[in-house]
Amino acid sequence: MHVVMINGSPRIEKYSNTDKIISSFGKGLLERGASFERYAISERRSWDAIREAYIKNEEILIALPLFVECVPGLLLEFLETLPKKDDRTRLSFILQSGFAEGSQLRCGERFLEKLPEYLGVCYGGCLVKGDNFGIRLLDAAGQEKATKPYRAMGALFAEGDGFFRTEAKKFTGPEYFPLPLRVLMQMVFKTIAKKRFQQAAASWGCDTPLDAKAWE
Ligand SMILES: Cc1cc2nc3c(=O)[nH]c(=O)nc-3n(C[C@H](O)[C@H](O)[C@H](O)COP(=O)(O)O)c2cc1C
């Protein structure tokens, strides 16, 4: 199996969490004798090369971050440049996000489920997982540890069943956190986190409250 992996984040690769996830997933592919080539849409100059790879290959995997509950705008713009192909091509997705509950990625997943049909290709499933805010802030060892679970998913994908196996479904983790944890998190976000966000904004020159409703 040869996989074309496309990073669908607008963030440049050096700072992209998706980039680190792709690296780990790629190790899993190699472990099982598969090969891959990788691209990133953040580099607009490479769009022609990415499109060419999409056209020439039959196993395509787009890894993307959740942006405001759905797909980053830059990725949509790139997708609009792709030609229609036939169902010999399989399109799969890795959808990853900051917040950890699986439930909040489901809207994005529903969109991705429909996308292959628009492009005329078949759907290889979507690997869904959150809790990835901090990957890019870790040192190399920390990044390796945080993304290690994706390596196992790369090895699983190389077996050919896309992301339809039970292991891939379980990979998401909890759909919702237990109620006491949700209450605790709400309290943290309304107090400590709110203060920290305001401080960070102030350090960037923002002097209005972050919850100001300018439209009122
Ligand atoms: C503009 C923007 C919107 C985001 N929206 C969400 C969101 O709705 N839910 C979520 O869990 N994470 C959200 N995130 C967090 C990213 O999904 C997360 O940090 C991801 O790992 C970023 O991957 P990247 O560095 O490859 O872009 C958002 C991040 C940005 C910059």
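The model shown is predicted, which means the values in this text are computed figures rather than measured ones. (Residues numbered from 1 in each chain as written. Predicted model: local features only at pLDDT ≥ 70, side-chain atom pairs only at ≥ 80, totals over all residues.)

## Here's the deal with the site of the ligand
Around the ligand lies a shell of 19 residues, among which Ser9, Thr18, Pro65, Ser97 and Gly98 are the nearest. Its residues assigned to classes, the shell around the ligand comprises 6 nonpolar, 10 polar and 3 charged. (Near = placed C-beta within 6 Å. Nonpolar A, V, L, I, M, F, W, Y, C, P; charged D, E, K, R; others polar.)

## Considerations on the nonpolar core
The nonpolar side chains of a soluble globular protein tend to be buried, and buried together. Within the largest apolar cluster, 40 residues are counted, with the highest numbers of intra-cluster contacts made by Leu61, Ala63, Ile94 and Leu95. When residues in this core are grouped by element, the largest group, 5 residues, is from strand E3 (residues 59-65). Not counting residues up to four positions away in its chain, the partners in contact with leucine 95 are Leu64, Leu66, Leu105, Gly108, Glu109, Leu112, Cys126 and Val128. (Core = buried A, V, L, I, M, F, W, Y, C linked by C-beta atoms within 7 Å. Buried ≥ 20, exposed ≤ 12 C-beta atoms within 10 Å, placed from the backbone. Helix = DSSP H or I, 4+ residues; strand = E, 2+ residues; numbered from the N terminus. Contact = placed C-beta atoms within 7 Å.)

## With respect to the domain arrangement of the chain
Segmenting the chain into domains produces domain 1 (2-170) and domain 2 (178-216). When each unit is reduced to the centre of its C-alpha atoms, the spacing between domain 1 and domain 2 is 31 Å. (Domains from an automatic or database assignment.)

## What about helix H5 (residues 140-157)?
The terminal C-alpha atoms of H5 lie 25 Å apart, and with 18 residues this matches the ideal 26 Å at 1.5 Å per residue to within 8%. Residues Gln143, Thr147, Tyr150, Arg151, Met153, Gly154, Leu156 and Phe157 constitute the buried set of H5. Summarising the contacts, the buried residues of H5 are in contact with helix H1 (17-31), strand E5 (122-129) and helix H6 (166-170). (Expected span 1.5 Å × (residues − 1).)

## Things to note about the pairing of E5
Extensive coverage of E5 is indicated by the burial of 7 of its 8 residues. Sheet topology note: the strand E4 (residues 90-96)/E5 ladder contains 6 bridges and is parallel. Note that in E5 the partner of phenylalanine 93 across the bridge is cysteine 126. (Pairing = 2+ DSSP bridges.)

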